[in-house]
Amino acid sequence: MTAKLLSVNVGMPKEVSWQGRTVRTGVWKHAVTGPRMARRLNIDGDGQGDLQGHGGEQRAVLVYQIQSYHYWQRYFGRADFEYGQFGENFTVDGLPDDEVCIGDRYRIGEAEFEVTQPRVTCYRVGLRLGEPELPALLVSHHRPGFYLRVLTEGRIQAGDAIVRTRTGPGALTVADIDALLYLPGHDPDTLRRALAVPALSPGWRSSFEAMAAGGPAAPRPEGWTGFRPMRVSRIARETPSVLSLYLEADGGEPLPVAGAGQYLTLRIGGIGDPAPVRSYSLSSPPGAPAYRVSVKREELGHVSRYLHESLRVGAVVEVAAPRGDFVLAPGTGPVLLVSAGIGATPVMAMLHRLAAEHAERPVWWIHTARHSTEHAFAREAHTLLTSLPDAHEHIFYTAAGAGEAGPGGVVHHGRPTSESLRALGVPADATAYLCGPVSFMSAVRDMLLAVGLAAGRIHTELFGALAPITPGVTPGTATPPHQPPGEPGTGPLITFARSGLSVRWSPRYRSVLDLADACAVPTRWSCRTGVCHTCATPILAGDVNYSPDPLEPPAAGEVLICCARPEADLVLDL
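About the thresholds
Along each chain, residues carry numbers from 1 onward, in the same order as the chain's sequence is written. Two thresholds apply to this predicted model, a pLDDT of at least 70 for residue-level local features and 80 or more for giving and counting side-chain atom pairs, whereas whole-chain, interface and lining totals are computed over all residues. With hydrogens and water excluded, all non-hydrogen atoms of the structure serve as input to the side-chain values. Numbering goes from the N terminus for both helices and strands, where a helix is a DSSP run of H or I of at least four residues and a strand is a run of E of at least two. The classification of residues rests on relative accessible area computed with a 1.4 Å probe and restricted to protein chains. Under 20% of the type maximum is buried, over 50% is exposed, and intermediate values are partly exposed. Contacts between residues were defined by any pair of non-hydrogen atoms, one from each residue, lying within 4.5 Å. His is not counted, nor are the chain ends; Lys and Arg add positive charge and Asp and Glu add negative charge. A single reference atom marks each charge: NZ on Lys, CZ on Arg, CG on Asp, CD on Glu. Axis definition: a line fit to C-alpha positions, over the contact stretch in the case of helices; interaxial angles, taken between N-to-C directions, run 0 to 180 degrees. Working rule for angles: under 35 degrees goes down as roughly parallel, over 145 as roughly antiparallel, 65 to 115 as roughly perpendicular, anything else as oblique. Take the far helix as the reference: if the near one is turned anticlockwise from it by less than a right angle, the crossing is left-handed, and if turned clockwise, right-handed. Think of it as three bins: nonpolar holds Ala, Val, Leu, Ile, Met, Phe, Trp, Tyr, Cys and Pro, charged holds Asp, Glu, Lys and Arg, and polar takes everything else, Gly as well. Within 6.5 Å between ring centres, the rings of Phe, Tyr and Trp (the latter by its six-membered ring) count as paired, and their orientation is classed by plane angle as stacked under 30 degrees, edge-to-face over 60, tilted in between. Note on geometry: a ring has a charge over it if NZ (lysine) or CZ (arginine) is within 6 Å of the ring centre and within 35 degrees of the ring normal. Polar contacts, as counted here, are pairs of nitrogen or oxygen atoms within 3.5 Å of one another; within protein the pair requires one atom able to donate a hydrogen and one able to accept it, and residues that are adjacent in sequence qualify only if both atoms are side-chain atoms. Between any two strands, pairing holds if DSSP finds at least two bridges. Put simply, buried Ala, Val, Leu, Ile, Met, Phe, Trp, Tyr and Cys residues joined by side-chain atoms within 4.5 Å make one nonpolar core. Put simply, a salt bridge is a Lys or Arg side-chain nitrogen that is within 4 Å of an Asp or Glu carboxyl oxygen. Directions drawn from the helix axis to the C-beta atoms are what define this arc.

Caption draft 1: Just the overall build of the chain, in detail. Along the chain, the regular secondary structure elements total 12 helices and 31 strands. Judged by the C-alpha coordinates and their principal axes, the chain covers about 80 × 55 × 45 Å. Within the chain, the proportion of its 574 residues that are buried is 52%. For the chain, the share of sequence-separated contacts (at least 6 apart) that also reach a separation of at least 24 residues comes to 70%. Side-chain charges of the chain comprise 52 positive and 57 negative groups, with the mean position of each set lying 3 Å from the other.

Shown next, in the form of structure tokens:
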């Protein structure tokens, strides 16, 4: 049967209300009559609201089949669909996803097109149909639809025949490629074949390259589940505003070795109900008999004030196992450890590891503090650096009149700049680890890029909440995390550790993600139905059930908050 173009659908982006927010989206399409020009970036009269996930040369035209319309009408028991309902530009008769291949080319009217990728899983198609689970269903039922790029511009219109002019190499269908990315069982041979298809869009190619490079998951460091009691064995004053807590197993048994740069999450009783939860980077040597975390006193922080003023040796706190991806990677090339203020803590752990390994690689220690009195770990860092054969120590004091007193190292006055880093001879082939205030890390990252470091070699650690990923949502006034509006819930206690907020669950929310959104907790998501794993979040304690079930389970120690509900009290690294 010859495929046929049934309808050409266009629509410009508009703002719609959704869950108390405003979303800018081009998913609302309507059928048009007569000829339309298919151009390199879109059909005349069409536009996309979120160019990060939609549109562009590789995703100029979205195609969906009338046979899938009929399928979903039966599935949902609906008869109200109209052309453009699934956000597509071309509604077609024929071209099923399990037959069309990436790289296939088609002549429609005066224009020629090439298939580049399946539809991106996106919550907005569910928003358009009023079926929130639709993004997951499109994948699990193997009916995603696909994108075309325009090879030859020209006029097209409803009623045009669709003629295949070339078959894509590799014989990988749209459904095959969609399943390879989103469903379990990533076959290595299929992955190699997919990467060999020239027409595959750069976005999907990079995803498959990451899958191919990843290999088997690295074993997780030995730890424990949930929280365990640990005893404060020592308290040491580092500066007037920074103290270190040494934590040992309450039973005295050896502790699992933490990765250099990881952090601990503490639940601290005695200062509130529920007990507040905070995360602090480890600054101790690897394999030490006690974990050391170092805490800066913040006058508006009731937890840091309590730790500085009231916590005593012998106290017991609850601690989750070391975790975090900001860890020193093995290698022989130069390494930069760059920090400001209390941001020295994770890079101190890295410096300890380098010293313990008698590393011969060049090590650059660049630390910024207001003055020597507030310079935490000064003597400790200097001693470790002098034990290394190729170490470079540079200290920047920013306060006016700051003296040069200190255990050693070159002292500079003012803040680091691109010029000062270049003058220091910072090597362009180094791997850099940055920790400090967000503004500091952003500025230093730009400086290192200017010096010549590759972006992929610059790693940062953020103490607070991660930057949100909320595709299509119009930015509003930023508000700190807070209790949700309405009647308080009575269900399990959910603690968002990075945000310092604990909230009782209420069944009026579809998922933990919906609750987090209601609390203004910064979140990361895209499909909201358990497909894309953008929302994967480390779980520190507790358990969840899923509705709907994710198409592929998350990694061990993670939860997909977009489709998760708590079974018991829950602590998330969010």
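Caption draft 2: Geometry of the packing of helix α5 (residues 188-195) against helix α6 (residues 202-214). Relative orientation of the contacting elements α5 and α6 amounts to 140°, with a least axis distance of 10 Å. With respect to α6, the axis of α5 lies oblique. Of the two elements, α5 crosses α6, and the hand of that crossing is left-handed. Residue-level contacts link Leu191, Ala194 and Leu195 of α5 to Arg205, Phe208, Glu209, Met211 and Ala212 of α6. In terms of residue class, the contact of α5 with α6 is made up of 6 nonpolar, no polar and 2 charged.

Caption draft 3: Representation of the packing of aromatic side chains within the structure. Taken as a whole and assessed by the stated rule, the structure comprises 17 aromatic pairs. Here tyrosine 182 and tryptophan 204 contribute two aromatic rings whose centre-to-centre distance is 5.7 Å and whose plane-to-plane angle is 85°, an arrangement assigned as edge-to-face. Remark: tryptophan 204 occurs in helix α6 and tyrosine 182 occurs in helix α4 (residues 174-182); sequence separation between them is 22 residues. Feature note: the residues Tyr64, Tyr69, Phe81 and Phe86 constitute an aromatic cluster, connected by ring pairs. It is arginine 143 that lies over the ring of tyrosine 71; its NZ or CZ is 4.1 Å from the centre. Directly above the ring of tryptophan 525 sits arginine 528, whose terminal nitrogen or CZ lies 4.5 Å from the centroid.

Caption draft 4: Broad picture of the side chain of serine 502. Residue position: serine 502 is located in strand β26 (residues 501-504). You can call serine 502 buried: its relative accessible area is 16%. Within the structure, serine 502 has its side chain in polar contact with the side chain of threonine 495 (distance 2.9 Å). Ignoring sequence-local partners within four residues, the contact set of serine 502 consists of Pro274, Gln483, Leu493, Ile494 and Thr495.

Caption draft 5: Main features of the sheet that holds strand β23 (residues 431-435). The strand order β22-β21-β20-β19-β23-β24 describes an open sheet built from 6 strands, whose pairing is parallel. Pairing within the sheet leaves two strands with one partner each, and these edge strands are β22 (410-413) and β24 (458-461). Each strand of the sheet is rotated relative to its neighbour by a mean of 15°, with strand direction disregarded. Sheet strands in contact with helix α8 (residues 344-356) are β19 (335-340), β20 (363-369) and β23, and its direction is about 150° off that of β19. Packed on one face of the sheet, helix α11 (residues 438-451) meets β19, β20, β23 and β24 and runs near 160° to β23.

Caption draft 6: Representation of the nonpolar core in the model. Within the largest apolar cluster, 45 residues are counted, with the highest numbers of intra-cluster contacts made by Val61, Phe90, Phe113, Ile156 and Phe208. Broken down by element, the residue count for this core peaks at 6 residues, all from α4. Isoleucine 156 has contacts with Leu5, Val8, Gly34, Pro35, Arg36, Ala38, Phe90, Ile108, Gly109, Ala111 and Phe113, leaving out every residue within four places of it along the chain.

Caption draft 7: Focus on unusual backbone geometry. Here aspartate 273 and proline 274 are connected by a cis peptide whose omega angle stands at 5°. By secondary structure assignment, the location of proline 274 is in the loop between β15 (263-267) and β16 (277-281). Following serine 547, the chain continues into proline 548 via a peptide bond in cis, with omega recorded as 0°. Along the chain, proline 548 turns up in the loop between β28 (544-546) and β29 (558-560). In the Ramachandran plot, histidine 358 falls in the positive-phi region, its phi being about 50° despite a non-glycine side chain.

Caption draft 8: Layout of the pairing of β19. Counted residue by residue, β19 has 6 buried out of 6 residues, so it is predominantly covered. Side-chain alternation along β19 places Val335, Leu337 and Ser339 on one buried face and Leu336, Val338 and Ala340 on a second face that is also buried. Of the strand pairs in this sheet, β19 and β20 are connected by 6 bridges, and their pairing is parallel. Of the residues in β20, the one forming a bridge with alanine 340 is threonine 368.

Caption draft 9: Structural view of the pairing of strand β12 (residues 161-166). In this sheet, β12 lies alongside strand β1 (residues 3-10) in antiparallel orientation, the contact comprising 2 bridges. Bridging across to β12, alanine 3 finds its partner in isoleucine 162. Bridge count for strand β8 (residues 105-108) against β12 is 4 bridges, and the pairing is antiparallel. Bridge pairing links isoleucine 108 to isoleucine 162 in β12.

Caption draft 10: Fine view of the pattern of salt bridges. A full pass over the atoms with the stated rule returns 24 salt bridges. Put simply, arginine 78 and glutamate 131 hold a salt bridge, and the shortest N to O gap is 3.1 Å. Here the residue arginine 78 occupies a position in the loop between α1 (66-76) and β7 (90-93), and glutamate 131 occupies one in the loop between α2 (123-129) and α3 (134-140), the gap between them amounting to 53 residues. Assessed through its relative accessible area of 18%, glutamate 131 is described here as buried. As a salt-bridge pair, arginine 292 and glutamate 380 come within 2.8 Å of each other at their nearest N and O atoms. Taken as a pair, arginine 292 in strand β17 (residues 291-296) and glutamate 380 in helix α9 (residues 378-386) lie far apart in primary sequence, 88 residues in all.

Caption draft 11: Here's a closer look at the environment of leucine 95. Its location among the elements puts leucine 95 in the loop between β7 and β8. Given a relative accessible area of 11%, leucine 95 falls into the buried group. Considered as a pair, leucine 95 and alanine 260 are 165 residues apart in the sequence and their alpha carbons are 52 Å apart. When neighbours within four sequence positions are excluded, leucine 95 is seen to be in contact with Ala3, Gln65, Val100, Tyr106, Phe146 and Ile162.

Caption draft 12: Geometry of α5. Residues Thr190, Leu191 and Ala194 constitute the buried set of α5. Seen end-on, α5 carries its buried residues on one side only, within an arc spanning 105°. Buried residues along α5 sit in contact with α4 and α6.

Caption draft 13: Molecular detail of the side chain of arginine 228. Within the secondary structure, arginine 228 is located in strand β13 (residues 227-239). A residue is classified by how much of its surface remains accessible, and arginine 228, at 16% relative accessible area, is buried. Here glutamate 253 takes part through its side chain, which lies 2.7 Å from a polar atom of the side chain of arginine 228. Once you skip the residues sitting within four places of it in the chain, arginine 228 turns out to touch Ala249, Glu253, Leu255, Val317, Glu318 and Val319.

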